[in-house]
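Given next are the chains, with one letter for each unit.
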Amino acid sequence: MERLERFVSGKGMYVDDIRVKNPLYMAVYRSPYARARIIDVKGGLNFKDLDAVLTSVGEGASQDRKDLMHPVFAKGYVNYVGQPVAAVFADDPYEAEDRLDEVDVEYEPLDPIVDPEAALGAEPIHKGMKSNVLSDKHLGSRFSTDADIVLEDRLENHRIATNAIEPRGILADYDGKRLTIHISTQSVFSIKKGICGTLNMPEESVRVIQADTGGGFGLKGGLQAEYPIAAFAAMKYRRPVKWIETRSEHLMAANQGRGAIGKMKLHAKRNGRILGIEGEIIVDAGAYAGGIAEFGPGFIAMQLTGQYKIEKGYVHAMSVLTNKVPYGPYRGAGRPEAGFFMERMVDMLADELRMDADEIRLLNAADKPFKSPLGLEIEASKPFMQKAFKELEYKRLRGRRAGLALFVLVPGARPGESARIMVKDGIVHVWTGSNPHGQGHEFFVKKLVHEELGVPESKVMLEVPDTDLIKAGIGTWGSRSAMVGGAAVVNAARKIKEQVVAKHGSYSPRKLLEGNYDYFEFYRYEGNINAFGANVATVAVDELGMAKVIELGAYYDVGRALDMGMVKGQISGGMIQGVGQSFTEEVIYDENGQLLTSSIATAGLVHASGIPKMKIKVAENPSALPHHARGLGEAPTIGTPAAIARAVELATGKRIRSTPIRQEDLV
């Protein structure tokens, strides 16, 4: 049965739907303290049984700080509320939860460090470190200008939980020789590499199969502690082990996104020309390395110039350790932070000079390809801006105090992606290294195979990602799947066509479907396929400071829209997430590192009544890829918060410096 047909008929097979004989259910005993010394642990599976640290895999993976990698089980110290200390197992999930009472841990509580700026001057949370700085990078060069105006501000995006509709889950089964894992994931190969590295297992001894996955938003692309715990337990007890995350566990112990501060300084002339930008980026890394904390600050800094031709720049970018759950990717993963910081400063300059938002942006547009001093490479942005303002009807909306935001989507195209095509029994079976979890990969895969091979889309089947059935792959994140994953499908299809010609002397779909063919392709790409985007927003704010988005507009360059319905679905969903970041979504801790965001009801997810009217338009400027696509998935989370912030600012006259925008700040 087709994947989409299974979903709409209620026959999806998520991790918790998979039934095996004689399973054990796992429950995790977690630290109640943000920072404490562990004196002793009794009961359950703990570091005495499994003394290992996580292997960093997935988006932004880094092994640079192996001394600071997350332990599978806490050993010696706990460093955030929710950190796994032990695990217990039982024949049903309710009994497993009850057995958590059998675990006894003696702690010596310590003072936690929660504020990343305060952490810069505080004692290190880890022994052997001289400071809490995890990564420290300098981009560009120090400079001087003859600026008439120098504007400064401190901007911030607070932390957000990913909150996919399906929490994390894993089923690990060991037959005495081989470990088979069914998992909710964005990358079966990241999970395989992570499990093998963490548990010191040869790759041939582990198979990973993606279960139907109900969203990921970045979280499910990497390895977290519960996965090797379940795998180790399956091998130790010789029974299948299942773990399904609860929502409270998700809020407490799953890696969180955003959490970035931008201290910005903009140099400009009175005519509006921006001469240079300076900045300090501080990312709240949480308690350990290995998420994207080492990569994130520099990635944010690199993108700061956006669509503008700014010839001077210098940014100090760092991540700082705190006693919180580690920092990880959340849809956009550094891109929305950069867009928010830069667009807020451009709006500040527009206000200072009393210039219109479109005027000042066009004045600073690049009229030819440009590489910024921070490393961002863009095509000429001026033609896109001019078209975007027209398509979004900005001149009309300006009278309604619309907020405007421009951005560059820098996709995670490198190092490329894989695809396998196998023709058997009259069906074209396709596997990709990118793993679908709600994006509709079926649509572009079927379309591209149909275009290349001439077979009906009904004869094309996108198969479940499985490390036994495709040689290698990367994963789904960074707006990469339709781009490099699609390119891999195209090239694999062309190789299949060559096989048919080699066998028959000519090609036809009938000859293809009557035979057996198989080809694996890894499409390598090391270039830049950046894409431009623009958003507008109008809002209403009442006398009590309650703000509501009335209308959102989007104009994005998608290269080639492989399926317009899915393009609009991606944009709509992402803009709704942008509304959530703007007004309601935040993970809040008190001064003791205790989590105050205790349930999905307090996590700030947008209700249906909060979804605004949307107008979506796309540009199609073909990329250099064989099927001409560009990235899309992250785009709406980049421009939407910045456009909303400006709209609120215009409606209230109050400077907006952070997300979420709080009601009390608007009265």
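Residues numbered from 1 in each chain as written. Predicted model: local features only at pLDDT ≥ 70, side-chain atom pairs only at ≥ 80, totals over all residues. Heavy atoms only, no water.

Draft legend 1. Highlighting the nonpolar core. Counting residues in hydrophobic clusters, the biggest one holds 105 residues, and the most contacted among them are I281, L304, F341, L349 and Y556. Sorting elements by how many residues they give to this core places helix 8 (residues 335-353) first, with 10 residues. Setting aside residues no more than four positions away along its own chain, L349 makes contact with I149, L151, L266, A268, G272, I274 and I360. Core analysis: the second largest hydrophobic core is formed by 59 residues, A96, Y107, F189 and V241 among them. (Core = buried A, V, L, I, M, F, W, Y, C linked by side-chain atoms within 4.5 Å. Buried < 20%, exposed > 50% of the residue type's maximum accessible area, 1.4 Å probe, protein only. Helix = DSSP H or I, 4+ residues; strand = E, 2+ residues; numbered from the N terminus. Contact = heavy atoms within 4.5 Å.)

Draft legend 2. How the structure looks around a nonpolar patch on the surface. Taken together, the side chains of L4, F7, V8 and F443 make up a nonpolar region of the molecular surface, amounting to roughly 350 Å² of accessible area. At three residues, the largest contribution of residues to the nonpolar patch is made by helix 1 (residues 3-8). Its location among the elements puts V8 in helix 1. On the basis of relative accessible area, V8 is assigned to the exposed category, the value being 74%. (Patch = residues over 30% accessible without salt bridge, like charges linked within 9 Å, V, L, I, M, F, W, Y side chains within 5 Å. Areas by Shrake-Rupley, 256 points an atom, 1.4 Å probe, with all protein chains shown as cover. Salt bridge = Lys/Arg side-chain N within 4 Å of Asp/Glu carboxyl O.)

Draft legend 3. Region of the structure containing the UniProt feature "domain: Aldehyde oxidase/xanthine dehydrogenase a/b hammerhead" (unreviewed entry) in the protein chain. Cross-referencing UniProt, the feature "domain: Aldehyde oxidase/xanthine dehydrogenase a/b hammerhead" (unreviewed entry) maps to residues 9-111 in the present numbering. The distance from the first to the last C-alpha atom of residues 9-111 is 52 Å, and the span holds 7% helix and 28% strand. (UniProt positions renumbered as here; feature names shortened; annotations may be inferred.)

Draft legend 4. Examining the domain arrangement of the protein chain more closely. Along its sequence, the protein chain is carved into domain 1 (23-110 + 168-244), domain 2 (256-411 + 529-665) and domain 3 (417-523). For domain 1 versus domain 2, the separation of C-alpha centres amounts to 34 Å. At the interface, 22 residues of domain 1 touch 23 residues of domain 2. For the pair domain 1 and domain 2, the summed buried surface comes to about 1700 Å²; carbon and sulfur atoms form 58% of the total. Counting the surface domain 1 buries against domain 2, the share from its top three residues, E59, Y80 and F217, is 33%. Here domain 1 is connected to domain 2 by zero salt bridges. Our count for the domain 1 to domain 2 interface comes out at eight residue pairs in polar contact (both at pLDDT 80 or more). Its residues placed into classes, the side of domain 1 that touches domain 2 shows 12 nonpolar, seven polar and three charged. (Domains from an automatic or database assignment. Buried area = accessible area lost by both parts, 1.4 Å probe. Polar contact = N/O pair within 3.5 Å; in protein donor to acceptor, adjacent residues only side chain to side chain. Nonpolar A, V, L, I, M, F, W, Y, C, P; charged D, E, K, R; others polar.)

Draft legend 5. Molecular detail of empty space enclosed by the protein. Per the counting criterion, the structure on display carries three cavities of 30 Å³ or more. When its volume is computed, the largest cavity comes out at roughly 320 Å³. Lining the largest cavity are 31 residues, and of these L223, Q224, N255, G290 and G291 lie nearest its centre. Split into classes, the residues belonging to the lining of the largest cavity amount to 15 nonpolar, 12 polar and four charged. By volume, the second largest cavity is sized at about 90 Å³. Around the second largest cavity, the lining is made up of 14 residues, and of these Q303, G306, G339, F407 and V408 lie nearest the centre. (1 Å grid on protein atoms, 1.4 Å probe; cavity = no way out; pocket = protein on both sides within 12 Å on 5 of 7 lines; lining within 4 Å. Points joined across faces, edges and corners; volume = space filled by probe spheres on them.)

Draft legend 6. Here's a closer look at the packing of aromatic side chains. Tallied over the full model, the rule gives 11 aromatic pairs. Here Y80 and Y288 contribute two aromatic rings whose centre-to-centre distance is 6.5 Å and whose plane-to-plane angle is 75 degrees, an arrangement assigned as edge-to-face. Within this pair, whereas Y80 is found in the loop between strand 3 (77-78) and strand 4 (84-90), its partner Y288 is found in the loop between strand 13 (274-286) and helix 7 (296-302), the two being separated by 208 residues in sequence. The residues Y80 and Y288 share a single accessibility class, namely buried. The ring of F7 carries R6 above its face, with NZ or CZ at 5.7 Å from the centroid. One cation-aromatic arrangement involves K497 over Y507; the distance from NZ or CZ to the ring centre is 5.0 Å. (Phe/Tyr/Trp six-rings, centres within 6.5 Å; stacked < 30°, edge-to-face > 60°. Lys NZ or Arg CZ within 6 Å of the ring centre and 35° of its normal.)

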